[in-house]
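Okay, here's what each chain looks like letter by letter:
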Amino acid sequence: MNTDIRDLLDDAYDTDDPEETLALAEAALEIDPDNPEALMLKADSIDEDEARLPLLERALESAQDGGDSSVYLAALQRLAYTLFILEEDDRAMEAAEELMRLDTDDDANGRALYYRILLEREEWQRVLDSARGDEIESLGQAYAVAAASFMLDSSSPHLLQLLWRAIEMSPNVPFYMLGYMPDPVDDSEDEEDAFHFGLLFETVWSASRELLNWFSRATILFGLLTGRFGDENGAEAKDMREILIALGGDSDYEHVKAHIAAEHVDDEQVLSLLESIEG
């Protein structure tokens, strides 16, 4: 790669200024109009998904021709999510399945999108069939299985066990999904991933009012028991307690609360107690 292009790309990756990133990407594209990294950087600087799509398609083709697998995977991931946002589910699914085949080191993004598309299509049984044949456990799989299982049989006594397992994998995710935590609670990469995953799955729960109520009840219950809504005598916690009562979850709150010895408990302890409750 041309040294000048590499320097421009490195500077683009280092800056936090979107306008500077775009200017550096365009400068690199003046030297090499088909540079896949520059095309992706330009696409990342554009808000309109329709305008991003042709840039990402060019980046993917160029990356494939160039033989750089990491750049190809980065372009494929961006393209897959853009296609999903644009409601081109068939193409998005093809890209997600390719991500799952190729990305052996970190396939969480491909799997999350794959399961998310199945939920969008309301292919509940296919979610469960795919999960049974999937040797890699992932956050997307866990939440998809919980949602699909509810939609297939909302009376199953083991549904909450599925949901608690999903929450255990990344405890802040359900609060991002429901908007109770609008922004990441810290600057870690894991928390950023949790936030973006929450955005991807946030509309899953609107598949039915019953599903939304079930998910909200569990999230509020867990949030109150772990202090995510502040002190139990505070205004926010009192408001959430009222919602929990309306959703029929207050008896579970009282049951678990009675078994919590310490004033401040960790997520693992609360989830362990919640997992002891069936139904």
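Everything that follows concerns the structure shown earlier in this document.
Let me begin by describing the structure that accompanies this report. (Residues numbered from 1 in each chain as written. Predicted model: local features only at pLDDT ≥ 70, side-chain atom pairs only at ≥ 80, totals over all residues. Heavy atoms only, no water.)

1. Observations regarding the packing of helix H4 (residues 49-66) against helix H5 (residues 69-85)
Helix packing for two helices is described by the angle between their axes and how far apart those axes are. Following both chains from N to C, one finds H4 and H5 inclined at 150°, their axes separated by 9 Å at the closest point. The pairing of H4 with H5 is recorded here as roughly antiparallel in orientation. Relative to H5, H4 is oriented so that their crossing is left-handed. In contact with Asp49, Arg52, Leu53, Leu56, Glu57, Ala59, Leu60, Ala63 and Gln64 of H4, H5 contributes Val71, Tyr72, Ala75, Leu76, Arg78, Leu79, Thr82, Leu83 and Ile85. Its residues placed into classes, the contact of H4 with H5 shows 12 nonpolar, 2 polar and 4 charged. (Axes fitted to C-alpha atoms, helices over the stretch in contact; angles between N-to-C directions. Helix = DSSP H or I, 4+ residues; strand = E, 2+ residues; numbered from the N terminus. Parallel < 35°, antiparallel > 145°, perpendicular 65-115°, else oblique. Left-handed = near helix turned anticlockwise from the far one by under 90°. Contact = heavy atoms within 4.5 Å. Nonpolar A, V, L, I, M, F, W, Y, C, P; charged D, E, K, R; others polar.)

2. Section: helix H6 (residues 89-102)
With 14 residues, H6 should cover 20 Å at 1.5 Å per step; its first-to-last C-alpha distance of 20 Å lies within 8% of that length. Looking at the buried residues of H6, the elements they touch are H5 and helix H7 (108-120). (Expected span 1.5 Å × (residues − 1).)

3. Looking at unusual backbone geometry
Even without glycine at this site, Glu87 takes up a positive phi of about 65°. For Glu87, the location among the structural elements is in the loop between H5 and H6. Residue classification places Glu87 among the exposed positions, given a relative accessible area of 69%. (Buried < 20%, exposed > 50% of the residue type's maximum accessible area, 1.4 Å probe, protein only.)

4. Looking at the nonpolar core
Of all hydrophobic cores here, the largest spans 94 residues; its most connected members are Val127, Tyr143, Trp164, Phe201, Trp205, Trp214 and Leu274. The greatest single-element share of this core, amounting to 10 residues, is contributed by H5. What Trp214 contacts, discounting residues up to four positions off in sequence, is Ala146, Phe150, Leu159, Leu160, Leu163 and Trp205. (Core = buried A, V, L, I, M, F, W, Y, C linked by side-chain atoms within 4.5 Å.)

5. Here we look at helix H12 (residues 189-201)
In this model, H12 (13 residues) spans 18 Å end to end at C-alpha, consistent with the 18 Å of a helix rising 1.5 Å per residue. For H12, the full list of buried residues reads Glu191, Ala194, Phe195, Phe197, Gly198, Leu200 and Phe201. Against H5, H7, helix H9 (139-152) and helix H11 (173-177) lie the buried residues of H12.

6. Some points on the packing of aromatic side chains
Enumeration over the complete set of coordinates arrives at 11 aromatic pairs. A centroid spacing of 4.4 Å and a plane angle of 20° characterise the contact between Phe197 and Phe201, whose relative ring orientation is stacked. Taken as a pair, Phe197 and Phe201 lie in helix H12 at a separation of 4 residues, close to a single helical turn. Neither Phe197 nor Phe201 differs from the other in exposure class; each is buried. Put simply, the rings of Tyr143, Phe197, Phe201, Trp205 and Phe215 pair up and form one aromatic cluster. (Phe/Tyr/Trp six-rings, centres within 6.5 Å; stacked < 30°, edge-to-face > 60°.)

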